[in-house]
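Here are the chains, one letter per residue:
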Amino acid sequence: MNRSGSKGWLGALPLLAFFALVFGVPAIALVAGAFTAQGRPSLANLSQSLQGGYLVAMIGSVKLSAVVALLGAVLGTFLAYAVVTSRLTFLREAVLTASGVLANFGGVPLAFFWIATLGNSGVVSGLVGLPSGSLYTFWGLVVTYLYFSIPLMVLVMAPALDGLRPQWREAAANNGATAWHYWRFVALPVLTPSMLGGVVLLFGSAFSAYATANAMVGTVVPLVTLKIASALTGDVLIGYENIALALSLDMVVVAGLVMAIYLPLQKRSSRWLH
């Protein structure tokens, strides 16, 4: 038994070495740089990363991610329910396939798509009479992020909605429960872990996005990812690389909190839906 266990660990060593190289070394460099100022161990970088414009950028990223997560979760859940309950098989397959594609569509191509459509000289903006510059604002960025957030929520909620047993609704109806009672006391408690998990997933996806925001709004909307890029490249400030590492560490902490919430919720929902 011990020998087989040892052999199992030996087989996993290449994978562990790969993870240590790809994730461990950058993580150590990140932490070391964040806690180093002028060649000495210091908390100055972390302190500065939570002040002034850096704090405003962090709050802006959290606010943007929260709005995108909530709106994306609501709209995505309703769309997933419409697809799951539809009797048209081709519609379900088409929406799920499109969601799988659009959920991974981001970066500069997504920014170009929206600028060409709703930008100042966009194809649609002139037809609907959008005010100039309306796309390059906080809410314009929210609409853009929803383009991949809603499909991502559809992919999260479709399996959860499929897991609702028809027998549960029938049993509730046989016991005199109305549709409201069924959703309030049966369906929603079962779906809540998946819904909250989807919200957390959308939050993390929007929180870490960079290329789309950089191509669309630049410095108009303060975001922590844009601050990190400016500090690293020296476009605005020179010699602030360790501040960028401190900001990155702040993001890692937020992402860790997101995953700490997401994983238990997914584990709990799997108990009901399998």
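These figures come from a predicted structure and were not determined experimentally.

Within the chain one finds 12 helices and 2 strands. Per-residue burial over the chain gives 36% buried out of 274 residues. At a minimum sequence separation of 6, the contacts of the chain that also span at least 24 residues come to 73%. Taken as a whole, the chain presents about 15800 Å² of accessible surface, with 70% of it coming from carbon and sulfur.

As a further point, take the UniProt feature "transmembrane region" (unreviewed entry) in the chain. Per the UniProt record, "transmembrane region" (unreviewed entry) is annotated on residues 12–35, 55–82, 136–161, 182–207 and 243–265. Helix makes up 96% of residues 12–35 and strand 0%, whereas the separation of the span's terminal C-alpha atoms amounts to 32 Å.

Attention now goes to the pattern of salt bridges. Across all of its chains, the model carries 1 salt bridge by this definition. One salt bridge in this structure joins Asp-162 and Arg-92, with 2.6 Å as the shortest N-O distance. Separated by 70 residues along the polypeptide, Asp-162 in helix H7 (residues 138–162) and Arg-92 in helix H4 (residues 89–102) bring together distant segments of the chain. On the accessibility criterion, Asp-162 (39% relative accessible area) is partly exposed.

A surface patch of nonpolar side chains, amounting to about 700 Å² of accessible area, comprises Leu-15, Phe-18, Phe-19, Leu-21, Val-22, Phe-23 and Val-25. Tracing the sequence through the fold places Phe-18 in helix H1 (residues 2–34).

Another point: helix H5 (residues 107–118). Relative to the 16 Å expected for 12 residues at 1.5 Å per residue, H5 spans 17 Å between its end C-alpha atoms, a close match to the ideal helical length. Of all the residues in H5, the buried ones are Leu-110, Ala-111, Trp-114, Thr-117 and Leu-118. Along the axis of H5, the buried positions cluster into a sector of 135°, meaning they face one direction only. For H5, the secondary structure elements touched by its buried residues are helix H6 (125–128), H7 and helix H10 (211–216).

Among the secondary structure elements, Ser-99 is positioned in helix H4. Classification of Ser-99 as buried rests on a relative accessible area of 4%. In this view, Ser-99 contacts Pro-151, Val-154 and Leu-155; residues no more than four positions away in its chain are not counted.

Here we take up the packing of aromatic side chains. Applying the stated criterion across every chain yields a total of 11 aromatic pairs. Ring geometry for Phe-113 versus Trp-114: centroids 5.7 Å apart, planes at 85°, classification edge-to-face. Here Phe-113 falls in the partly exposed class, since its relative accessible area comes to 33%. Owing to a relative accessible area of 11%, Trp-114 belongs among the buried residues under this scheme. With a centroid separation of 5.3 Å and 40° between ring planes, the pair formed by Phe-113 and Tyr-147 is classed as tilted. Placement of Phe-113 in helix H5 and of Tyr-147 in helix H7 is noted, with a sequence separation of 34 residues between them. Among the residues examined, Tyr-147 registers a relative accessible area of 23% and is labelled partly exposed. Grouped by ring-pair contacts, the aromatic residues Phe-105, Phe-113, Trp-114 and Tyr-147 constitute a single cluster.

At a closest axis distance of 8 Å, the pairing of H4 and H7 adopts a crossing angle of 130°. Between H4 and H7, the angle is such that the two are oblique. In the crossing of H4 with H7, the sense of the turn from one axis to the other is left-handed. Residue-level inspection shows Arg-92, Leu-96, Ser-99, Gly-100 and Leu-102 of H4 in contact with H7, the latter providing Tyr-147, Phe-148, Pro-151, Val-154, Leu-155, Ala-158 and Asp-162. Classifying every residue of the contact of H4 with H7 by side-chain character gives 8 nonpolar, 2 polar and 2 charged.

Moving on: the confidence of the model for the chain. In regions of low pLDDT, the predicted coordinates are not meant to be interpreted in detail. Averaged over all residues, the pLDDT of the chain is 82; the fraction at 70 or higher stands at 90%. Looking across the chain, the model is least confident in H6, with a mean pLDDT of 71, and most confident in helix H3 (residues 52–84), with 92.

This part covers the nonpolar core. Core analysis: the largest hydrophobic core is formed by 34 residues, its most contacted members being Leu-164, Phe-207 and Val-224. Mapped by element, the contributors of at least two residues to this core are H3, H7, helix H9 (179–208), helix H11 (224–233) and helix H12 (241–273). Among residues more than four places away in sequence, those in contact with Val-224 are Ala-57, Met-58, Ser-61, Phe-207, Leu-247 and Met-251. Ranked by size, the runner-up nonpolar core spans 24 residues in total, among them Leu-118, Ala-206, Ala-213 and Val-221.

Conventions used here
- Residues numbered from 1 in each chain as written.
- Predicted model: local features only at pLDDT ≥ 70, side-chain atom pairs only at ≥ 80, totals over all residues.
- Heavy atoms only, no water.
- Helix = DSSP H or I, 4+ residues; strand = E, 2+ residues; numbered from the N terminus.
- Buried < 20%, exposed > 50% of the residue type's maximum accessible area, 1.4 Å probe, protein only.
- Contact = heavy atoms within 4.5 Å.
- Areas by Shrake-Rupley, 256 points an atom, 1.4 Å probe, with all protein chains shown as cover.
- UniProt positions renumbered as here; feature names shortened; annotations may be inferred.
- Salt bridge = Lys/Arg side-chain N within 4 Å of Asp/Glu carboxyl O.
- Patch = residues over 30% accessible without salt bridge, like charges linked within 9 Å, V, L, I, M, F, W, Y side chains within 5 Å.
- Expected span 1.5 Å × (residues − 1).
- Arc of directions from axis to C-beta.
- Phe/Tyr/Trp six-rings, centres within 6.5 Å; stacked < 30°, edge-to-face > 60°.
- Axes fitted to C-alpha atoms, helices over the stretch in contact; angles between N-to-C directions.
- Parallel < 35°, antiparallel > 145°, perpendicular 65-115°, else oblique.
- Left-handed = near helix turned anticlockwise from the far one by under 90°.
- Nonpolar A, V, L, I, M, F, W, Y, C, P; charged D, E, K, R; others polar.
- pLDDT = per-residue confidence, 0-100.
- Core = buried A, V, L, I, M, F, W, Y, C linked by side-chain atoms within 4.5 Å.

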